[in-house]
Amino acid sequence: MLRLTTAIIATSTLAPMALAGTEYPLTLTSCGHEVTFDKAPESVVSVGQSTTEILYMLGLADKVAGTALWINPVLPEFAEADARVERLADNAPSFESVLAKKPGLVVTAYEWMIGPQGAVGTREMFDDAQIPSWIMPTECVGKDNTQSMDGARSVLFDTALLYQGVEELAAIFDVSERGAEVIADLKAREAAAVERAQALDLPEGVSGLFWYSSAEIEIDPYVAGANGVPGWMLSKLGVQNVVASPEEWPTVGWETIAKAGPAFIVAAEMNRRRFPADDIAVKRDFLTSDPVTSEMEAVKNDRILTMPANAMDPSVRAIYALESLADSLAGFDLQ
């Protein structure tokens, strides 16, 4: 079973020269929406686990007035800090509940939370409430969210966008030095993970599948498209994705997947229970009992790996997950 190890944020990766503080007013463009800050926000509401954990990494837990949209437990090193932060909702919070916290900023990693058809609200709604809203660049650059909730990526996910998001959040809160430390640590961790992945030297033709969930266990599953975070992981491993769709999380029939014959399957583990297949035990039971999936090479050879769902989205956990995925595949006979 694939498990994540948590990162220890290094504090000695910067050059001795300190970074300059943020000069306000600071103007940023976030998913095509211009946002100006006259000073560092005194508080923030974070809609999404990935942005919340980045804020914690930046040492900003005391500024987080509320969080929402959690899929997995918080990283263990932030459990104590997170316990002091109000959880507005496990899924999408109401617009009113966010406003009630009177935040100086609201952040998210998803336009389907805050965007043209945002489940929480639109950018204009927050503008009218005089609350700046900011979305991670991982959600917009090279990605079109107009046709579906999850969107489609025209180019492969790039961790540079993740680092850009960390840098911009650090600038907003005038903690750029801490931001540089976090980025340096993540880049070092990524380089080591990529080296580990490439050292596997897997033969050509090895393919994999990432299964997030299914609206109903009997129907087509939500699987990772070609250009999302799982696609990035597979590219570093030299592994083909059996799904070629540019959609972030398309639905693909199990018969089609079985014909493609992935050598392994990575199944998302999560605390959310929106769908029955959110439960990893339900996923495993289906794969081993269904007449189609049980005949797949990956299932017959017990090459079913488990990964926290949040690591399949643009987040710092994706970097940790690549390490663990490489370690797990090293134990398989894929030569």
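Fair warning: this is a prediction, and the values are worked out from it, not measured in the lab.

### Quick look at the overall build of the protein chain
Working step 1: Secondary structure summary: the protein chain contains 11 helices and 14 strands in total.
Working step 2: For the protein chain, whose C-alpha radius of gyration is 20 Å, the value lies close to the compact-globule estimate of 20 Å for 335 residues.
Working step 3: Summarising its shape, the C-alpha atoms of the protein chain cover approximately 60 × 45 × 35 Å along the three principal directions.
Working step 4: Among the 335 residues that make up the protein chain, the fraction classed as buried is 56%.
Working step 5: When contacts within the protein chain are restricted to residue pairs at least 6 apart in sequence, long-range pairs at least 24 apart make up 69% of them.
Working step 6: A total accessible area of about 14,100 Å² is found for the protein chain, and carbon and sulfur atoms account for 49% of it.
Working step 7: Where the 24 positive side-chain charges of the protein chain centre and where its 48 negative ones centre are 4 Å apart.

### Some details on the packing of helix H6 (residues 176-198) against helix H11 (residues 316-330)
Working step 1: As a packed pair, H6 and H11 sit with axes 9 Å apart at the nearest point and diverge in direction by 25°. In terms of their interaxial angle, H6 and H11 are classed as roughly parallel. Two packed elements cross with a definite hand, and for H6 against H11 that hand is left-handed. Within the contact between the two elements, H6 uses Leu186, Arg189, Glu190, Ala193, Val194, Arg196 and Ala197 and H11 uses Val316, Ile319, Tyr320, Leu322, Glu323, Ala326 and Asp327.
Working step 2: Taken together, the residues that form the contact of H6 with H11 break down as nine nonpolar, no polar and five charged.

### A closer look at the state of the cysteines
Working step 1: Summed over all chains, the structure comprises one disulfide.
Working step 2: What pairs with Cys31 in a disulfide is Cys140, and their sulfur atoms sit 1.4 Å apart. With Cys31 in the loop between strand S1 (26-30) and strand S2 (33-37) and Cys140 in the loop between strand S7 (133-135) and strand S8 (143-144), the pair connects residues that are 109 residues apart, well separated along the chain.
Working step 3: Classification of Cys31 by relative accessible area gives partly exposed; the value is 22%.

### Observations concerning the pairing of strand S13 (residues 264-269)
Working step 1: Counting buried residues along S13, five of its six residues qualify, which places the element largely inside the surrounding structure.
Working step 2: By the bridge criterion, four bridges tie strand S10 (residues 207-213) to S13 in an arrangement that is parallel. Each residue of the ladder has a partner; that of Trp211, found in S13, is Ala267.

### Notes on the packing of aromatic side chains
Working step 1: The tally for this structure, following the rule as stated, stands at nine aromatic pairs.
Working step 2: The interplanar angle of 25° and the centroid separation of 6.3 Å between the aromatic rings of Tyr222 and Phe275 together place this pair among those described as stacked. Of this pair, Tyr222 sits in strand S11 (residues 222-223) while Phe275 sits in the loop between S13 and helix H9 (280-289), and the two are 53 residues apart along the sequence.
Working step 3: Connected via pairs of aromatic rings, a cluster forms that spans Trp211, Trp254 and Phe286.

### Comments concerning the sheet that holds strand S4 (residues 64-68)
Working step 1: The strand order across the open sheet formed by five strands is S5-S4-S3-S6-S7, and the pairing between neighbours is parallel. Single-partner strands in this sheet number two, and they are strand S5 (87-89) and S7. For this sheet the average axis-to-axis angle between neighbouring strands, irrespective of direction, equals 20°.
Working step 2: Alignment of strand S3 (residues 44-47) against S4, held across four bridges, turns out to be parallel. Along S4, the bridge assignment pairs Val45 with Gly66.

### Looking at the side chain of Thr306
Working step 1: Following the sequence through the fold, Thr306 ends up in strand S14 (residues 304-308).
Working step 2: A polar side-chain atom of Thr306 sits 3.2 Å from a polar atom in the side chain of Arg284.

### Comments concerning the confidence of the model for the protein chain
Working step 1: Confidence in the prediction of the protein chain, expressed as mean pLDDT, is 93, and 94% of residues score 70 or more.
Working step 2: The model gives residues 1-17 a pLDDT under 50, and that stretch makes 46 contacts with residues more than four places away or in other chains.

### Observations concerning unusual backbone geometry
The phi torsion of most residues other than glycine is negative, and most of the peptide bonds are trans.
Working step 1: With an omega of 5°, the peptide bond running from Tyr24 to Pro25 counts as cis.
Working step 2: Relative to the assigned elements, Pro25 resides in the segment before S1.
Working step 3: A positive phi is found at Cys31, a non-glycine position, where the angle reads about 50°.
Working step 4: Even without being glycine, Gln130 reaches a positive phi, approximately 60°.
Working step 5: By the secondary structure assignment, Gln130 is in the loop between helix H4 (123-128) and S7.

### A few points about the environment of Leu58
Working step 1: Among the structural elements, Leu58 can be located in the loop between helix H1 (49-57) and S4.
Working step 2: Residues Leu58 and Arg178, spaced 120 residues apart in sequence, show a C-alpha to C-alpha distance of 6.0 Å.
Working step 3: Setting aside residues no more than four positions away along its own chain, Leu58 makes contact with Val166, Leu169, Ala170, Val175, Arg178, Gly179 and Val182.

### Quick look at the pattern of salt bridges
Working step 1: Throughout the structure, instances matching the rule amount to 15 salt bridges.
Working step 2: Where Glu42 meets Lys39, a salt bridge forms, and the shortest distance between an N and an O atom there is 3.5 Å.
Working step 3: In this structure, Lys143 and Glu139 form a salt bridge, with 3.2 Å as the shortest nitrogen-oxygen distance. The burial state of Lys143 is the same as that of Glu139; both residues are buried.
Working step 4: Overlapping salt bridges bring together Asp82, Arg87 and Asp90 as one network.

Scoring rules and cut-offs
Residues numbered from 1 in each chain as written. Predicted model: local features only at pLDDT ≥ 70, side-chain atom pairs only at ≥ 80, totals over all residues. Heavy atoms only, no water. Helix = DSSP H or I, 4+ residues; strand = E, 2+ residues; numbered from the N terminus. Rg over C-alpha atoms; globule rule 2.2 N^0.38 Å. Buried < 20%, exposed > 50% of the residue type's maximum accessible area, 1.4 Å probe, protein only. Contact = heavy atoms within 4.5 Å. Areas by Shrake-Rupley, 256 points an atom, 1.4 Å probe, with all protein chains shown as cover. Lys, Arg positive; Asp, Glu negative; His and termini not counted. Charge placed at Lys NZ, Arg CZ, Asp CG, Glu CD. Axes fitted to C-alpha atoms, helices over the stretch in contact; angles between N-to-C directions. Parallel < 35°, antiparallel > 145°, perpendicular 65-115°, else oblique. Left-handed = near helix turned anticlockwise from the far one by under 90°. Nonpolar A, V, L, I, M, F, W, Y, C, P; charged D, E, K, R; others polar. Disulfide = S-S within 2.5 Å. Pairing = 2+ DSSP bridges. Phe/Tyr/Trp six-rings, centres within 6.5 Å; stacked < 30°, edge-to-face > 60°. Polar contact = N/O pair within 3.5 Å; in protein donor to acceptor, adjacent residues only side chain to side chain. pLDDT = per-residue confidence, 0-100. Salt bridge = Lys/Arg side-chain N within 4 Å of Asp/Glu carboxyl O.

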